[in-house]
Amino acid sequence: MTRVLVQVLLLGLVSLALLHPGVEAQMCESVTIMFESLNTYDGNFTSVTLVPLIGLDVLITFDAAVKNVAFWEGGVEMIDNTHFRITSQKFFETGYVMIHFQANYDEGTRPNVISFIVNGQESCERIEYTTEFPFTNPCPATGMGRYDYAQALCMSILFYEAQRSGHLPEDQRVTPWRWDSALDDGSDVGHDLTGGYYDAGDHVKFGFPMAYTATVLAWGLLDFPQGYAAAGQTEYGRAAVKWATDYFLKAHTAEYELYGQVGSGDIDHRFWGRPEDMYMERPSMKIDSSAPGSDLAGETAAALAAASIVFKDVDSAYSAELLDVAEELYAFADEYRLEYHNSITDAANFYRSWSGYGDELLWGALWLYRATGDDTYLTKAQAAWDDFSLGEGALQFSWDDKKAGAYALGSLVDPSNTKYADALKAFLTYLKNDAQYTPGGLVFLDPWGSNRHAANVAFISLWAAKYGDPADAAANREWADGQLGYILGDFGHSFVVGFGVDPPTRPHHRSSSCPIPPQSCLNNNWGQNQPGPNPHILYGALVGGPDQSDGYTDSRQDYQHNEVACDYNAAFSGALAAMVELN
């Protein structure tokens, strides 16, 4: 028997085992007799489950005596002549299952299956699957602002739930097409490396951009708290940060050891399917004292330090743990200096640290000073500034280059040192007067993820409108409003999936492109190549964006302009919170 590897909507199923007295027992609706001869029949059970089945444990109840049950893909235990247990450790299905069995009995009336309990779930009622299921957008319209910035912020944070790896929590909102996945991550090195975020449309966990994502999400929560609160997104924002920081704590397996990647980029990118259906090896890769990575350790330290402030008044014990590890990782970054892609070589073709590690030493030191108040970190920040000539100007703010962010943060935590404020003002002046723009008005800092780069610097500009030179506040706010307006719809359509007018419907994103059931997605890359919209709406995802001439096509094949990524939404979320707060 060939099992069908498909998934359907998760439904509670009603048992037929509890029949009223005097009512003749009937065969479970979920069991179909495929072949019947004298005193034997072959049955197919088809049903759905509340969770993916990793291993099989089924209790079958008959209404009359059965001699034996055969199950060719596992073992069978006879409890008594009406109850049989079938098991298999190799069984793995993602929701919709087909189980073939044979029942043999003495001459007489055919025994009917009246209960079929699959891994603890009664599954006797037959439920037909369909290819589409309703997923109610949990982000209602609010009418706040020129665009509905509060709804957009809600969706932007929701996007991170679609990117979660590992065992999903009970309050997971992105269902039914995202379930538990990659539960063996780290098993190759004897550590639990489950959790964290899938990077983009793929399923690698790249630690460097993930750490940047967590740092910047935390920054938005810290410095635009009223915006998050007004949009009702504070708790969801904290949860988005914590999903990353919980993973970083697992990944820090020794004083001078940090796992910075799970999954091989090239191997992963040859698979088009859902993370729930991954079958390839996912190697775990680390930095340590013999193969260090100052940029990776420094950025992870920044993320944990920023998060420690977010949780300081919420969970003091967790905050203290984050801060302890942040200090340890910064010491690792500072003592053993090397760009991380020289140690985790698989990352070189995907997230190479082109700017070097000096900006992370500055950035990390400033965040640790903000978290601790320890002047030692201001001294380290000054040393990094001098040693790496970090005041010579920034051209963007991104997962790679943190200088512009450090200018802003430094002006806040070390206001007596005017170099930070001066560098921030110079950067914002460059954006307004000297940077390239598309004809439609989007600041064009990089052809890869142009929207992401515009959103990143819009966040810096909005931050400066609140915390920078008051004389520039109105201009900084107006400029950022224009950039966000372009992204949200000023140019005739939205670049945010599920939001606004004519949003993208075909983002380059594997799991949302795979239908339910997903079998067709695994055949001939259907999910990548089919011409229609993705079967599932990836609410809140910011797509890469236009080319320098405003050219953009909503094409799943165009990963340069239509892929999504965790880092794309990080500063974008903070900018939306700022717009809610400043409106």
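Model, not experiment: these values are computed from the prediction.

Q: Please give an account of the sheet that holds strand 4 (residues 68–70) that cites residues and values.
A: Strands sit in the order 1-2-7-4 across an open sheet of four strands; the sheet is antiparallel. Lying at the two open borders of the sheet, with one neighbouring strand each, are strand 1 (31–37) and strand 4. Neighbour-to-neighbour, the strand axes of the sheet open up by a mean angle of 25°, direction not taken into account. As paired elements, strand 4 and strand 7 (residues 97–104) share three bridges and run antiparallel to each other. Counted as the bridge partner of valine 69 is alanine 103 from strand 7.

Q: Tell me what's going on with the state of the cysteines, and back it up with residues and numbers.
A: Simply put, disulfide is the name for a covalent bond between the sulfur atoms of two cysteines. Applying the stated criterion across every chain yields a total of two disulfides. Through a disulfide, cysteine 28 is tied to cysteine 124; the S-S separation comes to 1.6 Å. Handedness of the cysteine 28-cysteine 124 disulfide follows from its S-S torsion of about -80°: it is left-handed. Residue cysteine 28 is found in the segment before strand 1, and its partner cysteine 124 is found in the loop between strand 9 (121–122) and helix 1 (149–162); the two are separated by 96 residues along the sequence. By relative accessible area, which is 0% here, cysteine 124 ends up buried. Put simply, cysteine 139 and cysteine 154 are joined by a disulfide, and their sulfur atoms are 2.1 Å apart. Disulfide cysteine 139 to cysteine 154: torsion about the S-S bond roughly -75°, handedness left-handed. Taken together, the positions of cysteine 139 in the loop between strand 9 and helix 1 and cysteine 154 in helix 1 put the pair 15 residues apart, joining distant regions of the chain. Between cysteine 566, a cysteine without a disulfide, and cysteine 139, which holds the nearest cysteine sulfur, the sulfur-to-sulfur distance is 16 Å.

Q: Describe the side chain of asparagine 569, with residues and values.
A: Residue placement: asparagine 569 occurs in helix 18 (residues 566–582). A distance of 2.8 Å separates a polar side-chain atom of asparagine 569 from the backbone oxygen of glycine 540. Once residues within four sequence positions are removed from consideration, asparagine 569 is found in contact with Ser156, Phe159, Tyr160, Gly540, Ala541 and Leu542.

Q: Give a description of the pairing of strand 11 (residues 257–262) that names residues and reports values.
A: The buried fraction of strand 11 is high, at six of six residues. With two bridges connecting them, strand 10 (residues 205–206) and strand 11 associate as antiparallel partners. Looking at the pairing, phenylalanine 206 lines up with glutamine 261 of strand 11. Here strand 11 pairs with strand 12 (residues 284–288) via five bridges, running antiparallel. When the sheet's bridge partners are listed, glutamate 257 is paired in strand 12 with aspartate 288.

Q: So what's going on with the sheet that holds strand 10? Which residues, and what values?
A: Backbone-to-backbone hydrogen bonds pair the strands of a sheet. The strands run either parallel or antiparallel. In spatial order, the strands read 10-11-12; together these three strands make up an open sheet with antiparallel pairing. Of all the strands in the sheet, the pair left with one neighbour each is strand 10 and strand 12. Against the sheet, helix 6 (residues 294–310) touches strand 11 and strand 12, its axis set at about 95° to strand 11.

The rules we used
Residues numbered from 1 in each chain as written. Predicted model: local features only at pLDDT ≥ 70, side-chain atom pairs only at ≥ 80, totals over all residues. Heavy atoms only, no water. Pairing = 2+ DSSP bridges. Helix = DSSP H or I, 4+ residues; strand = E, 2+ residues; numbered from the N terminus. Axes fitted to C-alpha atoms, helices over the stretch in contact; angles between N-to-C directions. Disulfide = S-S within 2.5 Å. Buried < 20%, exposed > 50% of the residue type's maximum accessible area, 1.4 Å probe, protein only. Polar contact = N/O pair within 3.5 Å; in protein donor to acceptor, adjacent residues only side chain to side chain. Contact = heavy atoms within 4.5 Å.

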